[in-house]
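Each chain, written out:
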Amino acid sequence: MAIKICGTGSCLPRHCVSNDDLSRIMDTSDEWIRSRTGIETRHLVTEETTTFLSTEAAKSALSEAELAPEEIDLILAATITPDHVIPSLACEVQRELGAVNAVAFDICAACSGFLFALNTAYAYLKSGQYKNALVIGAETLSKIMDWEDRSTCVLFGDGAGAAVIKEEPGDAGSKALCRVLTARAARHSSAMADRSRILMWNRQNLYRRMYIWTGRQYINLRYAPYRMSFPGQPGRRESSRIR
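Residues numbered from 1 in each chain as written. Predicted model: local features only at pLDDT ≥ 70, side-chain atom pairs only at ≥ 80, totals over all residues. Heavy atoms only, no water.

Digging into the side chain of Ser142
Link 1 in the chain: Position of Ser142 relative to the elements: it lies in the loop between strand E6 (132-140) and helix H6 (150-153).
Link 2 in the chain: Only 2.7 Å separates the side chain of Ser142 from the side chain of Asp158, close enough to count as a polar contact. (Helix = DSSP H or I, 4+ residues; strand = E, 2+ residues; numbered from the N terminus. Polar contact = N/O pair within 3.5 Å; in protein donor to acceptor, adjacent residues only side chain to side chain.)

Pasting the structure below:
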């Protein structure tokens, strides 16, 4: 059995930040960023959420695949920046799409997350449990970046991409993109530990409140991200009440 990507979609936040914009809030320049990374601009969320970006990307993918949400059996969302701890991003997308027949869960694997999700979808389809899967990769990394660290924050932006995966009888489709996905921790243990400490600092300092809605009340689990303002961008404000 093989699989076929029969529809794709993407969604970007409306607000675009250039290298020159970043140079106004940190010690960097367009030349410094462009010569080292090739990056000229990135899109950052203002009012958009990870769920919104993911849902819009998923709608585009479903439209191209000519499938209704009810025909999706499995939704996998790869992200490290969901809007909530619970429910998962995949479950949020399932609700927004009305994909009432789909199993939904998240995969947290950072940069390789979409590949892990794609291979996981392949394994489920190959087992015969499901026939149509929706795979999403989405991040709103601007919520957790250290905007004073020019070595990292200039590299990332926000956005979402989605693909509809179908079972393809015979060998007409494609096999899994890769069979081995590893993290060579022993080789890069020092760098990985440093990045982990940075991420933990960001989470502790930028995610100030954590709550979950139980249907009756909020329990202190949900987070509200710190908001940044950039030149030409309306200042982001935290809500005065929990929504």
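Some details on the pairing of strand E5 (residues 103-107)
Link 1 in the chain: Bridge count between strand E4 (residues 74-78) and E5: five bridges; the pairing is parallel. In the sheet register, Ala78 faces E5, and the bridge partner there is Ile107.
Link 2 in the chain: Between the parallel pair E4 and E5, the chain is carried across by helix H4 (residues 89-97), and the sense of this crossover is right-handed. (Pairing = 2+ DSSP bridges. Right-handed = clockwise from strand over helix to strand, strands pointing away.)

Quick notes on helix H3 (residues 50-65)
Link 1 in the chain: Its 16 residues give H3 an end-to-end C-alpha distance of 22 Å, which sits within 8% of 22 Å, the value for a rise of 1.5 Å per residue.
Link 2 in the chain: If you check which residues of H3 are buried, you get Thr50, Thr51, Leu53, Ser54, Thr55, Ala57, Ala58, Ala61, Leu62 and Ala65.
Link 3 in the chain: Where H3 is buried, its residues meet strand E1 (2-11), H4, E6 and strand E7 (158-168).
Link 4 in the chain: Downstream of H3 by one or two residues, Glu66 has phi in the positive range, about 55 degrees. (Expected span 1.5 Å × (residues − 1). Buried < 20%, exposed > 50% of the residue type's maximum accessible area, 1.4 Å probe, protein only. Contact = heavy atoms within 4.5 Å.)

Some points on the sheet that holds E5
Link 1 in the chain: Spatial strand order, E1-E7-E6-E4-E5: five strands in an open sheet with mixed pairing. Sheet topology places E1 and E5 at the edges, where each strand pairs with a single neighbour. Here the strands of the sheet are splayed against their neighbours by 20 degrees on average, with no regard to which way each runs.
Link 2 in the chain: Pairing of E4 with E6 involves five bridges; the strand directions are parallel. Within E6, the position partnered with Leu76 by the bridge is Val135.
Link 3 in the chain: Running at roughly 130 degrees to E1, H3 makes contact with E1, E6 and E7 of the sheet.
Link 4 in the chain: Sheet contacts for H4: E4, E5 and E6; angle to E5, the most-contacted strand, approximately 140 degrees. (Axes fitted to C-alpha atoms, helices over the stretch in contact; angles between N-to-C directions.)

Description of the confidence of the model for the protein chain
Link 1 in the chain: Overall, the predicted model of the protein chain reaches an average pLDDT of 78, with 69% of residues at or above 70.
Link 2 in the chain: Every residue in residues 218-243 is under pLDDT 50, and counting partners more than four places away or in other chains gives 76 contacts. (pLDDT = per-residue confidence, 0-100.)

Some thoughts on the environment of Asn19
Link 1 in the chain: In this fold, Asn19 is placed in helix H1 (residues 19-23).
Link 2 in the chain: Overall, Asn19 belongs to the buried group, its relative accessible area being 1%.
Link 3 in the chain: Discounting chain neighbours no more than four positions away, the residues touching Asn19 are Asp30, Ile33, Arg34, Ile39, Glu40 and Arg42.

Thoughts on the nonpolar core
Link 1 in the chain: Ile72, Ile75, Leu97, Leu134, Ile136 and Val164 are the most contacted members of the largest nonpolar core, which has 26 residues in total.
Link 2 in the chain: In terms of residue count, the dominant contributor to this core is H3 (six residues).
Link 3 in the chain: Apart from the residues lying within four places of it in its own chain, the contact partners of Ile136 are Ser54, Ala58, Ile75, Leu76, Ala77, Ala78, Val93, Phe114, Gly161 and Ala162.
Link 4 in the chain: Core analysis: the next-biggest nonpolar cluster, separate from the first, contains 15 residues, Leu74, Leu76, Ala121 and Tyr130 among them. (Core = buried A, V, L, I, M, F, W, Y, C linked by side-chain atoms within 4.5 Å.)

Thoughts on the pattern of salt bridges
It is possible for side chains bearing opposite charge to pair when their charged atoms get close.
Link 1 in the chain: Applying the stated criterion to the full structure yields nine salt bridges.
Link 2 in the chain: The partner of Arg95 in a salt bridge is Glu96, with the nearest N and O atoms 3.0 Å apart.
Link 3 in the chain: The exposure class assigned to Glu96 is partly exposed, which follows from its relative accessible area of 42%.
Link 4 in the chain: Connected through salt bridges with shared partners, the residues Asp30, Arg34 and Glu40 form a single ionic network. (Salt bridge = Lys/Arg side-chain N within 4 Å of Asp/Glu carboxyl O.)

A few points about the packing of H3 against H4
Link 1 in the chain: Look at H3 against H4: their axes get within 9 Å of each other, and the N-to-C directions meet at 55 degrees. The pairing of H3 with H4 is recorded here as oblique in orientation. Our pair here, H3 against H4, has a crossing hand that is right-handed. Residue-level inspection shows Thr50, Thr51, Ser54, Thr55, Ala58, Lys59 and Leu62 of H3 in contact with H4, the latter providing Leu89, Glu92, Val93, Glu96 and Leu97.
Link 2 in the chain: Taken together, the residues of the contact of H3 with H4 break down into five nonpolar, four polar and three charged. (Parallel < 35°, antiparallel > 145°, perpendicular 65-115°, else oblique. Left-handed = near helix turned anticlockwise from the far one by under 90°. Nonpolar A, V, L, I, M, F, W, Y, C, P; charged D, E, K, R; others polar.)

Observations concerning the packing of aromatic side chains
Link 1 in the chain: Across all of its chains, the model carries two aromatic pairs by this definition.
Link 2 in the chain: Note on Tyr124 and Tyr130: the rings are 5.4 Å apart at their centroids and 55 degrees apart in plane angle, and the pair reads as tilted.
Link 3 in the chain: For Tyr130, a relative accessible area of 16% gives the class buried.
Link 4 in the chain: Linked through ring pairs, Phe105, Tyr124 and Tyr130 together constitute an aromatic cluster.
Link 5 in the chain: In this structure, Arg150 packs its charged tip against the face of Trp32, placed 4.3 Å from the ring centre. (Phe/Tyr/Trp six-rings, centres within 6.5 Å; stacked < 30°, edge-to-face > 60°. Lys NZ or Arg CZ within 6 Å of the ring centre and 35° of its normal.)

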